[in-house]
2 protein chains.
Amino acid sequence: MLRITFLTAVLLAASLAVAESPVAIAIHGGAGTILPEKMTAEREQAIRAALEESAHAGHEVLESGGPALDAVVAAIRILEDSPEFNAGRGAVLTNTGTVEMDASIMNGADLEAGAVASVKRIRHPIDAARLVMHDSPHVMLMGEGAMSFAEDHGLEFMDEDWFITDFRRRQLETIQADEQAGMQLSESWHSTVGAVALDAHGNLAAATSTGGMANKRWGRVGDSPIIGAGTYADNRACAISATGHGEFFIRHVAAHSICSLVRMAGMTLDEAANQVINETLKEAGADGGVIAVDPQGNVSMPFNTPGMYRASVDGDGKLQVLIYREDSEG
Amino acid sequence: MLRITFLTAVLLAASLAVAESPVAIAIHGGAGTILPEKMTAEREQAIRAALEESAHAGHEVLESGGPALDAVVAAIRILEDSPEFNAGRGAVLTNTGTVEMDASIMNGADLEAGAVASVKRIRHPIDAARLVMHDSPHVMLMGEGAMSFAEDHGLEFMDEDWFITDFRRRQLETIQADEQAGMQLSESWHSTVGAVALDAHGNLAAATSTGGMANKRWGRVGDSPIIGAGTYADNRACAISATGHGEFFIRHVAAHSICSLVRMAGMTLDEAANQVINETLKEAGADGGVIAVDPQGNVSMPFNTPGMYRASVDGDGKLQVLIYREDSEG
């Protein structure tokens, strides 16, 4: 009897500990010149619905005691399948009209990480990144080699046409016409999707997926597949996924910088994320934002652009789906 | 007369200022299981000669008042041409017997950076990285795209055979035979060359070049072309080039971590470099080392392997060419 009682008590204590540990998730679908006057009601509704579905999918994993890694993957897969965002289906087109995608993922518990750069036709590049982390001795694979690896491991491939939307075709035409006319390219033509999560076991994870920069050439790689720049997770500090002008995020090692400010300079998550986005990067002329979560379940989602597609469920279980700057003030 | 005297005084003051500002350079040719008993006298002499030539070439640039960026490029070009090191000519071979190289460079004055990943037949990948930094809006280009960019900009290409040495052919055969026999791969089959410099104007630069990991497949990318991992330079902290087990250097964002410890935790260069190499990475089971220089001209070259090919000319103009661990204690 004593033994059963003891076991029951242990199990009860464990389940209480899980119930009491906060879980939290934040996701983004890119930052940029997102303004109410440029948005149709229909598009806004589709975007809000996809963001909510993604945040819910991730949160469900966390609520049932699942790992943060599973939560960020569940959230990202929905954003990759949604044609509204620059990742997976609906990704931007390269200079030659193809879709070349990047993704990365990181586990805050052991600093394991995986990334793929410039892969084609993989339905869920985030699955490929996770596969690199778990099933290879490497962190980063690129191009044809990464695709062979994904194929050998049974990942789902789609025809290239499946990825390409009319919106992206028209966007590429506009950019290339502007380029021929010698016009400055808009900053809003690179974006990303991302997710960060804290699970009931106190573990953090971060993930990012993107089609990169519209009209890209020369095999350009942005910050999304770069561990430290676009993605970072460390249980001792925070989990970060970035979106914005990737070159600046690489040079300033944005995601890792935020975690370093938390760990080494004693800043709160909000202070650290805001310093990098609204001071360092803003002063450097870089557009963008991040989503961030820390081991206490605090969520921060700063951006220095007019808008950022974002959603979160914080430690209190409160869902927020936000697009414009004014949304934050509500 | 007064005017000429004044001008003379100004020039004299300027030249004194330059003469008084310390300049310093450090280079490496890779870390690993480098032991006296495994080395022939002939090979050791060739390596020492190449290291000395490289350090001298970089130091000459600095002594004549040239920029740190020119110094690191001058030093790396010599190591890339030397068949003794895993970069440019003499680079390791991939799984299919090809040579695929990575390089990166960073300017500490403005945090501009450039990198190429998985390029073939470019004689000096470090020149390609610098070209990306100066002549493109990007930081990182990869594969065929990066090669087109380099070709369009007139960089020198060589036949693939020019890069391949008998030593690397035999090495690949050994590795593949061991692999087929199910043996553990040696840690000594990935290395790098690198250079860091402080110029008379107080600017830092860092650069790294490599053939990556011997027998690599799936488009594996290591830390060398990753800004923050294998290379980082920031005038406010330090310049770093790393060599070792790249996956760990990426996950720990090694180069940027050292600079963060200097900037945020108030460590000396030596303390910060040693913490990352001899504590963080060593505890994680990662072999490797870094070369580091700070704005005061301090040089640090810690490694956690039996040896690291390295050389430096410090702020006092003293040249050191070192290979084994015991060399440091001389």
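Before reading on, note that the structure itself is shown above.
Residues numbered from 1 in each chain as written. Chains lettered and ligands numbered in written order. Predicted model: local features only at pLDDT ≥ 70, side-chain atom pairs only at ≥ 80, totals over all residues. Heavy atoms only, no water.

**Describing the sheet that holds strand β8 (residues 231-234) of chain A**
Next up, step 1: The strand order β8-β9-β10-β11 (chain A) describes an open sheet built from four strands, whose pairing is antiparallel. Each edge of the open sheet is held by one strand with a lone partner, namely β8 and β11 (299-300) of chain A. (Pairing = 2+ DSSP bridges. Helix = DSSP H or I, 4+ residues; strand = E, 2+ residues; numbered from the N terminus.)

**As for the pairing of strand β1 (residues 24-32) of chain B**
All names here are of chain B.
Next up, step 1: Counting buried positions along β1 gives nine out of nine residues, so the element sits mostly inside the fold.
Next up, step 2: Note that β1 and strand β5 (residues 193-198) share five bridges and pair antiparallel. Along β5, the bridge assignment pairs His-28 with Gly-194.
Next up, step 3: Alignment of β1 against strand β12 (residues 307-313), held across six bridges, turns out to be antiparallel. Considered in β12, the bridge of His-28 is made with Arg-310. (Buried < 20%, exposed > 50% of the residue type's maximum accessible area, 1.4 Å probe, protein only.)

**Brief notes about the pattern of salt bridges**
Side-chain pairing between opposite charges can occur once the charged atoms of the two side chains come close.
Residue and element names in this part refer to chain B.
Next up, step 1: Inspection of the entire model under this criterion finds 26 salt bridges over all chains.
Next up, step 2: In this structure, Arg-43 engages Glu-84 in a salt bridge whose closest nitrogen and oxygen atoms are separated by 2.8 Å. Of this pair, Arg-43 sits in helix α2 (residues 41-63) while Glu-84 is found in the loop between α3 (68-81) and β2 (101-107), placing the two residues 41 residues apart along the sequence.
Next up, step 3: The exposure class assigned to Arg-43 is partly exposed, which follows from its relative accessible area of 25%.
Next up, step 4: According to the relative accessible area criterion, Glu-84 is partly exposed, its value standing at 21%.
Next up, step 5: We note a salt bridge from Arg-236 to Asp-234, for which the minimum N-O separation is 2.8 Å.
Next up, step 6: Taking the relative accessible area as the measure of exposure, Asp-234 reaches 4% and is therefore buried. (Salt bridge = Lys/Arg side-chain N within 4 Å of Asp/Glu carboxyl O.)

**What about the packing of helix α9 (residues 254-264) of chain A against helix α9 (residues 254-264) of chain B?**
Next up, step 1: Two elements in contact, α9(A) and α9(B), have axes separated by 11 Å at closest approach and are oriented at 40°. Here α9(A) is positioned oblique relative to α9(B), judged by the angle of their axes. In this structure, the crossing between α9(A) and α9(B) has a hand that is right-handed. Listed contacts from α9(B) to A:His256, A:Ser257, A:Ser260, A:Leu261 and A:Met264 of α9(A) are B:His256, B:Ser257, B:Ser260, B:Leu261 and B:Met264.
Next up, step 2: Partitioned by chemical class, the residues of the contact of α9(A) with α9(B) number four nonpolar, six polar and no charged. (Axes fitted to C-alpha atoms, helices over the stretch in contact; angles between N-to-C directions. Parallel < 35°, antiparallel > 145°, perpendicular 65-115°, else oblique. Left-handed = near helix turned anticlockwise from the far one by under 90°. Contact = heavy atoms within 4.5 Å. Nonpolar A, V, L, I, M, F, W, Y, C, P; charged D, E, K, R; others polar.)

**Side note on helix α2 (residues 41-63) of chain A**
All names here are of chain A.
Next up, step 1: Its 23 residues give α2 an end-to-end C-alpha distance of 32 Å, which sits within 8% of 33 Å, the value for a rise of 1.5 Å per residue.
Next up, step 2: Of all the residues in α2, the buried ones are Ile-47, Ala-50, Leu-51, Ser-54, Ala-55, Ala-57, Gly-58, His-59, Val-61 and Leu-62.
Next up, step 3: Along its buried surface, α2 packs onto β1 (24-32), α3 (68-81), β5 (193-198), β12 (307-313) and β13 (319-324).
Next up, step 4: After α2 finishes, the residue Gly-65 shows a positive phi value of roughly 85°. (Expected span 1.5 Å × (residues − 1).)

**A few points about the interface of chain B and chain A**
Next up, step 1: Residue-level contacts link 39 residues of chain B with 39 residues of chain A.
Next up, step 2: Across the chain B/chain A interface, buried area totals approximately 3300 Å², and carbon plus sulfur atoms make up 70% of it.
Next up, step 3: Looking only at chain B, the three residues that lose the most surface to chain A are B:Met142, B:Trp218 and B:Arg251, adding up to 26% of its buried area.
Next up, step 4: A salt bridge links A:Glu112 to B:Arg251, with the shortest nitrogen-to-oxygen separation between them at 3.8 Å.
Next up, step 5: Taken together, chain B and chain A are joined by 17 residue pairs in polar contact (both at pLDDT 80 or more).
Next up, step 6: Residue assignment for the side of chain B that touches chain A shows that the elements contributing at least two residues are β3 (113-119), β4 (140-142), α5 (143-152), β7 (220-221), α8 (246-251) and α9 of chain B.
Next up, step 7: Counted by class, the side of chain B that touches chain A contains 21 nonpolar, eleven polar and seven charged residues.
Next up, step 8: Across two bridges, strand β4 (residues 140-142) of chain A lies against β7(B) in antiparallel orientation. (Buried area = accessible area lost by both parts, 1.4 Å probe. Polar contact = N/O pair within 3.5 Å; in protein donor to acceptor, adjacent residues only side chain to side chain.)

**Notes on the side chain of A:Asp199**
Next up, step 1: For A:Asp199, the location among the structural elements is in the loop between β5 and β6 (204-210).
Next up, step 2: One buried charged residue, A:Asp199, remains without a salt bridge, the closest side chain of opposite sign being A:Arg130 at 9.4 Å. (Lys, Arg positive; Asp, Glu negative; His and termini not counted.)

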